[in-house]
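# Results of the structural survey
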Amino acid sequence: MTSATDIRNRVIDQLLAIKDADYLMALSDMIKSSNIQRDVVALTEDQKIMLVMSDEDINAGRTIDQNTLDERDGSAMASLTLVWDKFKPDQPRERIFISSS
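The structure displayed is predicted, hence computed values, not measured ones.

## Considering the overall build of the protein
When its secondary structure is counted, the protein shows 4 helices and 2 strands. Listing the helices and strands of the protein from first to last along the sequence gives α-α-α-α-β-β. Scored against the burial criterion, the 101 residues of the protein give a buried share of 0%. For the protein, contacts bridging at least 24 residues in sequence account for 0% of all contacts bridging at least 6. Summed over all atoms, the accessible surface of the protein reaches about 9300 Å², with 57% contributed by carbon and sulfur.

## Here's the deal with helix α3 (residues 45-59)
Since there are 3.6 residues in each turn of an α-helix, residues three or four apart along the chain are aligned in direction. Compared with an ideal rise of 1.5 Å per residue, which puts 15 residues at 21 Å, α3 spans 21 Å between its outermost C-alpha atoms and is within 8% of the ideal. Immediately downstream of α3, the backbone of G61 shows phi near 80 degrees, a positive value.

## Thoughts on a negative patch on the surface
The grouping of D65, D70, E71 and D73 at the surface amounts to a negative patch. With respect to the helices and strands, the residue D65 is situated in the loop between α3 and α4 (66-78). Judged by its relative accessible area of 44%, D65 is partly exposed.

## Details of the confidence of the model for the protein
Averaged over the protein, the pLDDT score is 77; the fraction of residues at 70 or greater is 71%. Averaged pLDDT values over the elements of the protein bottom out at 46 in strand β1 (residues 80-88) and peak at 93 in α3.

The rules behind these values
Residues numbered from 1 in each chain as written. Predicted model: local features only at pLDDT ≥ 70, side-chain atom pairs only at ≥ 80, totals over all residues. Heavy atoms only, no water. Helix = DSSP H or I, 4+ residues; strand = E, 2+ residues; numbered from the N terminus. Buried < 20%, exposed > 50% of the residue type's maximum accessible area, 1.4 Å probe, protein only. Contact = heavy atoms within 4.5 Å. Areas by Shrake-Rupley, 256 points an atom, 1.4 Å probe, with all protein chains shown as cover. Expected span 1.5 Å × (residues − 1). Patch = residues over 30% accessible without salt bridge, like charges linked within 9 Å, V, L, I, M, F, W, Y side chains within 5 Å. Salt bridge = Lys/Arg side-chain N within 4 Å of Asp/Glu carboxyl O. Lys, Arg positive; Asp, Glu negative; His and termini not counted. Charge placed at Lys NZ, Arg CZ, Asp CG, Glu CD. pLDDT = per-residue confidence, 0-100.

Structure representation (structure tokens):
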């Protein structure tokens, strides 16, 4: 069964792809008018630490723009080719990479 987190992440991905402002407004209105469970989710100590570290990075100027990040990811991934992703139910996934150069 698919978890609520998986569904939520899939919906978020779909929403990010929508460019039509009117369509997004209609979705927003529908969500506002529905009965949504409004539970407060408590952060773990690790999540709180990561948020503090992120704020410190931002305040210290340790950031990178999306284009530069994409370029770095692209060049790193260009040298690798995923050749096998074999799933064994009793073991974690195995990923084997080979260099394309």
